[in-house]
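Structural description and commentary
If you want the building blocks of each chain, they are given just below.
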Amino acid sequence: MPKVADAKSLGNVTVTAQSRTQEVQDVPIAMQIVTSKQINAIEATDLSKMNGYIPGLYINAEQPTQPEYSLRGIAVTDVGIGTDSPIGIYEDGVYTGKTGGALLVFNDVQRVEVLKGPQGTLLGRNSAAGAISVVTNEPTDTFGGQIRERLGSDGLHYTDGFLNLPISKDVAGRITFVDNQSNGWLRDAATGQHYEKNDDWGIRGQLRWNVPDGTEVRLVYEHEKLNQPARPAIGIVPIPASPGLPTFPPDPNTYLDPRKTPLYNDVVGGALEKRSFDGTSLFVNHDFAFGSLSAITAYRHFSTFNREDGDGTNQPELYVDDVNIEKNTSWEQELKLSGQTSVADWVAGISYYHDNASQATPLDFTTTSIDTLIKHVSPVQGSPDGSLYGFLSQVLPAFGIPANFLGDPWQETMYNKGTSTARAAYGDVIWHLTDTLNLTTGVRFTRDQKDFSWYNPTRTATALDATLNEPAVAAFLNAVGVPLSTFQQNLEFNSPAATQAPLRVSNSWTDTSPRVLLDYKISPDIMVYGSVSKGYEAGGYNGQLPASHYEPETVWNYETGIKAYFPASRLLLDASVYHYRYDNLQSLTLEANGNGALPLYVVTTSNQVATGLDAEVHWQATDALQLNFTSAYIDSTYQHYIAPDGTNISNQPTGEPLWTVAGGFDYTWHDIYGGNVVATVQDAYRGKTRCNSDSVAQAQCLVTPAFKLGTAQNRTDVRVAWSAPKQPWAFAAFATNIFDKRYVSQINNLTATTLGTPFASITPPRMFGVEASYSF
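Residues numbered from 1 in each chain as written. Predicted model: local features only at pLDDT ≥ 70, side-chain atom pairs only at ≥ 80, totals over all residues. Heavy atoms only, no water.

**With respect to the side chain of Thr215**
Within the fold, Thr215 resides in strand 17 (residues 215–228). Polar side-chain contacts of Thr215 include one of 3.0 Å to the side chain of Asp213. Dropping the residues within four chain positions of it, Thr215 is found in contact with Trp209, Asn210, Val284, Asn285 and His286. (Helix = DSSP H or I, 4+ residues; strand = E, 2+ residues; numbered from the N terminus. Polar contact = N/O pair within 3.5 Å; in protein donor to acceptor, adjacent residues only side chain to side chain. Contact = heavy atoms within 4.5 Å.)

**Here we look at the packing of aromatic side chains**
This model, assessed by the stated rule, comprises 20 aromatic pairs. Among the aromatic side chains, those forming a connected cluster through ring pairs are Phe143, Trp722, Trp729, Phe731, Tyr774 and Phe776. Sitting over the face of the ring of Phe162, Arg174 holds its NZ or CZ atom 4.2 Å from the ring centroid. The residue whose ring lies beneath Lys274 is Phe305, and the NZ or CZ to ring-centre distance is 5.7 Å. (Phe/Tyr/Trp six-rings, centres within 6.5 Å; stacked < 30°, edge-to-face > 60°. Lys NZ or Arg CZ within 6 Å of the ring centre and 35° of its normal.)

**A word on helix 4 (residues 389–398)**
Buried residues of helix 4: Tyr389, Gly390, Leu392, Ser393, Val395 and Leu396, and no others. For helix 4, the elements touching its buried residues are helix 3 (367–377), strand 23 (409–432), helix 5 (462–468) and helix 6 (471–479). A positive backbone phi angle near 80° is found at Gly400, which sits one or two residues after helix 4. (Buried < 20%, exposed > 50% of the residue type's maximum accessible area, 1.4 Å probe, protein only.)

**Focus on helix 6**
Within helix 6 the residues assigned to the buried category are Val473, Phe476 and Leu477. Buried residues of helix 6 fall within an arc of 95° about the axis and therefore sit on the same side. Seen from the open side of helix 6, the exposed residues pointing more than 90 degrees away from its buried face are Pro471, Asn478 and Ala479. At its buried positions, helix 6 is contacted by helix 4 and helix 5. A positive phi of about 75° marks Gly481, the residue just after helix 6. (Arc of directions from axis to C-beta.)

**Overview of the sheet that holds strand 5 (residues 68–71)**
With antiparallel pairing, the three strands of this open sheet are ordered in space as 4-5-6. The open sheet is flanked by strand 4 (57–60) and strand 6 (74–76), the only strands paired with a single partner. With strand direction ignored, the average angle separating the axes of adjacent strands in the sheet is 10°. Here four bridges tie strand 4 to strand 5, and the two strands are oriented antiparallel to one another. Bridged to Leu57 within strand 5 is Leu71. (Pairing = 2+ DSSP bridges. Axes fitted to C-alpha atoms, helices over the stretch in contact; angles between N-to-C directions.)

**Section: the sheet that holds strand 10 (residues 130–136)**
Within a sheet, each strand pairs with its neighbour through backbone hydrogen bonds, oriented either parallel or antiparallel. Across the sheet, five strands lie side by side as 3-9-10-7-8; this open sheet has mixed pairing. Each end of this open sheet is capped by a strand with a single partner; those strands are strand 3 (31–35) and strand 8 (94–95). As judged from the two bridges shared by strand 7 (residues 87–91) and strand 8, these two strands associate in the antiparallel manner. When the bridges of strand 8 are listed, Glu91 appears paired with Val94.

**So, the environment of Leu573**
Mapped onto the elements, Leu573 comes out in strand 28 (residues 571–591). For the pair Leu573 and Ile350, spaced 223 residues apart in the sequence, the C-alpha separation amounts to 35 Å. Beyond its immediate chain neighbours, meaning those up to four positions away, Leu573 contacts Gln25, Ile562, Lys563, Ala564, Phe566, Glu616 and Val617.

**Topic: the nonpolar core**
One finds Phe365, Tyr389, Leu396, Phe405 and Trp410 to be the most contacted residues of the largest nonpolar core, which totals 38 residues. In this structure, Ile39, Ala128, Ala129 and Ile634 belong to the second largest nonpolar core, which totals 35 residues. (Core = buried A, V, L, I, M, F, W, Y, C linked by side-chain atoms within 4.5 Å.)

**Quick notes on the environment of Tyr58**
Inspection of the secondary structure assignment puts Tyr58 in strand 4. Judged by relative accessible area, which is 28%, Tyr58 ranks as partly exposed. Taking the C-alpha atoms as reference points, Tyr58 and Arg72, separated by 14 residues in sequence, lie 9.0 Å from one another. In this structure, Tyr58 is in contact with Asn51, Glu68, Tyr69, Ser70 and Arg686, ignoring residues within four places of it in sequence.

**Side note on empty space enclosed by the protein**
Applying the stated criterion to the full structure yields 14 cavities of 30 Å³ or more. Volume-wise, the second largest cavity comes out at about 290 Å³. Looking at the second largest cavity, it is lined by 27 residues, and the ones nearest its centre are Ile81, Thr83, Asp84, Asn328 and Asp355. Listing elements by their share of the lining of the second largest cavity, those giving two or more residues are strand 20 (292–309), strand 21 (321–340), strand 22 (344–366), strand 23 and strand 24 (437–455). Residues belonging to the lining of the second largest cavity are distributed by class as follows: seven nonpolar, 12 polar and eight charged. (1 Å grid on protein atoms, 1.4 Å probe; cavity = no way out; pocket = protein on both sides within 12 Å on 5 of 7 lines; lining within 4 Å. Points joined across faces, edges and corners; volume = space filled by probe spheres on them. Nonpolar A, V, L, I, M, F, W, Y, C, P; charged D, E, K, R; others polar.)

**Section: the state of the cysteines**
Counted by the stated rule, this structure contains one disulfide. Residue pairing for Cys691: its cysteine sulfur links by disulfide to Cys701, the two sulfurs lying 2.0 Å apart. Taking the torsion about the sulfur-sulfur bond, which here is approximately -100°, the covalent link between Cys691 and Cys701 counts as left-handed. Of this pair, Cys691 sits in the loop between strand 32 (675–686) and strand 33 (702–703) while Cys701 sits in the loop between strand 32 and strand 33, and the two are 10 residues apart along the sequence. What makes Cys691 partly exposed here is its relative accessible area of 41%. (Disulfide = S-S within 2.5 Å.)

Right, here's the structure in full:
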């Protein structure tokens, strides 16, 4: 097998990570490439389904319209519109944001490039911790297409396909679609409602025009729609029959195992998560004698709705649900000029990004569940059981006033609006000092402008107000000296500054972020490199706390690495060692409200330091056997951080596991029914959470008699596929999580300290399926 073909088969693919077309082994950046072949091997339908197979990257997609990303220990946990993400998500170079548009279903993906460390001098938006670039297939001049069908357990029915259509000598089009459906692997024990379903579909249309003067124009439109049950809340405390209440405060020694516990949820109207996404992009490239000019103009709009159970029970005395409603419209313009000479390869660009977002976060109770909260937190004096509305429902009829205050809906809402504008100019030059030594220098200048508002009007409780305004009830309350305002005060969102009218603020920030890198070719196949780079992310706001304000995040990253290919052994090796200091990192933390209501998820800031190692190995052991191994080690600690409850966890672990490892093999049998059979086995391991003094309060670590939270996790996927070069049909059978290893992935304490109802999430079970595709 030729040397170049060997290297290609082992992962030395062409990438655009440095805004230049290069072989990945020539790019002195720590990065991992996932090809469409690898995506198909694990049946991944979006980025989150690749968890574990890109060590150092983790995506929590329990709520696909509010995903959480973590890369090299830098986590994006705030899903509000008031903050930016240090991890940039891009599709064909277009920034996708961090909330509703950041986790779309894969549609005709060519590869995924995961760039680790600051990347601000190379991309249109700041990416302080790293970047994830999803690259899709473009139209070609060859007529062809494919349709693929995948059927599996729990009603899995997945279909995708494409049609590539040359229209003329200079014009070609491409249409792609994907439809991902399933019945779900979890069911409500009382209602039969299915959860953990898939109901997501998308289309993309492209038109490419090769203008005779050397210009290429590509117009892309895409649409995606998601409509499925929201994240289930699996209760983990014993609940007596209504009107009984669970033990308060909850005792972890009595927690139930959520992997074995029946699910009971009771969201009024049904738990629902949905999204509608539309995007249009125009790509223009023109070649000059001295270089090339590329332009990206992009428009994105999405709307999301996510209403989910907040207590993990179906008891009226414990009812809470929370909602996230978001709309976002963004415009992006980027111009990039690049060229190369014998002295240097260079790229320079300017970018403009503007988005206009609104977010509403309703929180729903009933007067019955508010009574439970009152009993636990601030019992009413003189009431036999400490309740308010239950007490009044008993007292007033005794005075001949028929009135019932229980079971009435109560909703509080925080409204946020935000606009942000980012302007940047950046440049990056690779200086060819000798035939084997290169010096890269880059710099980015950024100015961010943000406007933000909060509005938390008085709660909505129409039925309760109607009862309170009945003449006999109003007269009784007046006679006993109880003002109506007693029943009209917000419990959760109660900032006086934002109750009567929206509270608005504006801020702007500027930054200069440099990058310096030196790479040296020891031989044509071995390169070593070292770099120093700065990353920056704009400041922002906590959408739940009016008038909150956070300064920008900054990171300094120091890295050295090696990229090597050994032709005689057919072995490809990449490794890097890094150290960073991240200042003012914004994270989401559960904090007591201070007024007896539910705690709030608020944005806190901390300084963190980390030292780590990334390694990737691909080995073509024989013509039939190819092995792969990737790993990430990181020692991440808080340099300075005081938790919301006052706990000092400086110099303690941030929670990131020390090790994440993935590995596997492909084995090929040739000439089987005129084709090849390829067996693929992949295994992913994520180490245990490194706990600190605040980990239990934040539900990151917990040991109970029934289960453990924060344990190491392992998953093994298997696929056997047959295809033939001259045959249109291909077939496969697969199993994900073949050993059926199940874990408690998350505990939510939102209602634990007020209603006594913590709840949990768990990982999916083993799944099987078959696949067939037809190409033409």
